[in-house]
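Fold and contact review
Listed here are the chains, written in short residue letters.
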Amino acid sequence: MRRRSLAVLASVPLLFAAACGSGGSVDTASSSPGGTVPELKVTGAANAKPSVTFPAKVVETSSYQVITPGTVGAAAKEGGSVVANFTVYTWDGKENKLAGSTYDEGGPQLITINDQVPEILRKGFAETKGGGRFLSVVAKDSVPAEQQSQVPPGQSQVFVVDVVGVPEGKAAHGTATDPGLKGVKVESPDGDAAPKLTTKTKEKAPKGLVAKTVIKGTGPEVKSGQSILVQYAGKIWGSDLEFDSSWSRGGEPIMFQIGTGKVIKGWDEGLVGVPVGSRVLLSIPPDLGYGKDGSGDKIKGTDTLVFLVDVLAAY
């Protein structure tokens with residue numbers, strides 16, 4: 001369903017990073033066995049891209065410091081997921097360049113806390129709840145031994161991480177109703193089990209966008225510009241061919257910004273205003289999908305797309 005993907009920042013051999021939150025400065029007190037946190041000053045309003053003032057000497061030992069512990073929900077656990085904003089700097093003692101920030105890339109990102117995330121960052125996540133912020137220096141000693149030669153000497157990465165929240169649940173819960181779209185069938189099991197979407201039909205596809213509520217959520221309505229966490233399945237009208245599904249890829253939700261052109265128009269138009277916690281059926285004509293060129297080997301320019309979307313959270 002994506003028309004374009006968000007830029008992913010790579011720092012050290014990382015696949016992510018995060019930043020935001022209230023201003024503050026980091027003391028020199030040690031917060032981890034990785035070393036003493038250097039005198040890095042973090043400034044910036046809450047929920048905005050922060051700035052960092054660097055001392056002249058680069059510290060090449062990893063460390064972390066919780067600036068604000070946060071008060072919303074629970075901290076992320078090993079193997080779980082967390083939604084976070086991040087800003088990353090390359091600390092070289094000269095230019096200390098901004099490597100990237102989610103504030104410039106379309107909103108927070110969903111991060112899985114696993115062994116691909118350096119331990120020094122996992123420690124920060126373990127101590128920071130929603131609304132909190134931590135700072136981490138990710139240095140050469142956080143990189144696997146076989147990759148340490150790839151790290152330029154005299155450099156460390158500085159992460160300012162703002163934890164937005166920890167997602168709960170993997171499916172929309174509630175009483176399901178028949179969406180009432182002739183030619184399409186939806187089966188909604190209990191709990192976090194994947195729903196079943198069937199689009200094998202001889203019925204003609206609707207000419208315009210159709211959005212039908214299967215389960216009505218009780219959360220706030222999704223606003224344009226928010227990042228939403230969803231599960232979804234996508235099929236071709238008439239053929240029942242599944243061309244994409246988060247459920248089929250292991251059942252892990254994904255997140256993206258809505259209402260700003262980051263996804264196909266049918267999603268932007270059909271999901272803004274939907275209450276969080278809802279399951280929504282979307283029938284999307286070609287002009288609101290991938291257009292006359294289609295997408296990949298499965299989607300033709302004349303295909304109507306049918307999506308079943310669970311809106312789990314909005315940030």
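Residues numbered from 1 in each chain as written. Predicted model: local features only at pLDDT ≥ 70, side-chain atom pairs only at ≥ 80, totals over all residues. Heavy atoms only, no water.

Once that is clear, we can look at the overall build of the protein chain. Within the protein chain, the secondary structure is distributed over two helices and 19 strands. The buried share of the protein chain, reckoned over its 315 residues, is 49%. Taking as baseline every contact in the protein chain between residues at least 6 positions apart, the subset at least 24 positions apart corresponds to 74%. Working note: accessible area of the protein chain is about 14500 Å², and carbon and sulfur atoms make up 48% of it. (Helix = DSSP H or I, 4+ residues; strand = E, 2+ residues; numbered from the N terminus. Buried < 20%, exposed > 50% of the residue type's maximum accessible area, 1.4 Å probe, protein only. Contact = heavy atoms within 4.5 Å. Areas by Shrake-Rupley, 256 points an atom, 1.4 Å probe, with all protein chains shown as cover.)

Moving on: the packing of aromatic side chains. Applying the stated criterion to the full structure yields eight aromatic pairs. Their ring planes at 70° and their centres at 5.6 Å tell us that phenylalanine 54 and tyrosine 89 sit as a pair that is edge-to-face. Of this pair, phenylalanine 54 sits in the loop between strand S5 (51-53) and strand S6 (63-68) while tyrosine 89 sits in strand S7 (residues 81-91), placing them 35 residues apart in sequence. Taken individually, phenylalanine 54 and tyrosine 89 each receive the classification buried, so the pair is uniform in this respect. Residues phenylalanine 54 and tryptophan 91 carry aromatic rings whose centres are separated by 5.8 Å and whose planes lie at 40° to one another, so their mutual orientation is tilted. (Phe/Tyr/Trp six-rings, centres within 6.5 Å; stacked < 30°, edge-to-face > 60°.)

For the rest of this paragraph, the subject is the environment of methionine 255. In this fold, methionine 255 is placed in strand S17 (residues 254-257). By relative accessible area, which is 8% here, methionine 255 ends up buried. Taking C-alpha positions, methionine 255 is 5.4 Å from isoleucine 228, a pair spaced 27 residues apart along the chain.

Mapped onto the elements of the fold, glutamine 157 is located in strand S11 (residues 156-165). Separated by 3.4 Å, the side chains of glutamine 157 and threonine 90 make a polar contact. (Polar contact = N/O pair within 3.5 Å; in protein donor to acceptor, adjacent residues only side chain to side chain.)

This brings us to the environment of phenylalanine 86. With respect to the helices, strands and loops of the structure, phenylalanine 86 is situated in strand S7. Once the C-alpha coordinates of phenylalanine 86 and glutamine 109 are considered, the two residues, 23 residues apart in sequence, prove to be 8.5 Å apart.

Looking now at the pattern of salt bridges. As enumerated under the stated definition, the model contains eight salt bridges in all. Between lysine 170 and glutamate 252 there is a salt bridge, with the nearest N and O atoms lying 2.6 Å from each other. Placement of lysine 170 in the loop between S11 and strand S12 (185-187) and of glutamate 252 in the loop between strand S16 (242-245) and S17 is noted, with a sequence separation of 82 residues between them. Under the relative-accessibility criterion, glutamate 252 is labelled partly exposed at 39%. Salt-bridge contacts for aspartate 310 lead to arginine 279; the nearest nitrogen and oxygen are separated by 2.6 Å. Of this pair, aspartate 310 sits in strand S19 (residues 305-314) while arginine 279 sits in strand S18 (residues 279-284), placing them 31 residues apart in sequence. (Salt bridge = Lys/Arg side-chain N within 4 Å of Asp/Glu carboxyl O.)

We now examine the confidence of the model for the protein chain. Taken residue by residue, the protein chain gives an average pLDDT of 86. The fraction at 70 or more is 88%. This stretch, residues 3-35, has a pLDDT under 50; its non-local contacts, to residues over four places away or in other chains, come to 127 contacts. (pLDDT = per-residue confidence, 0-100.)

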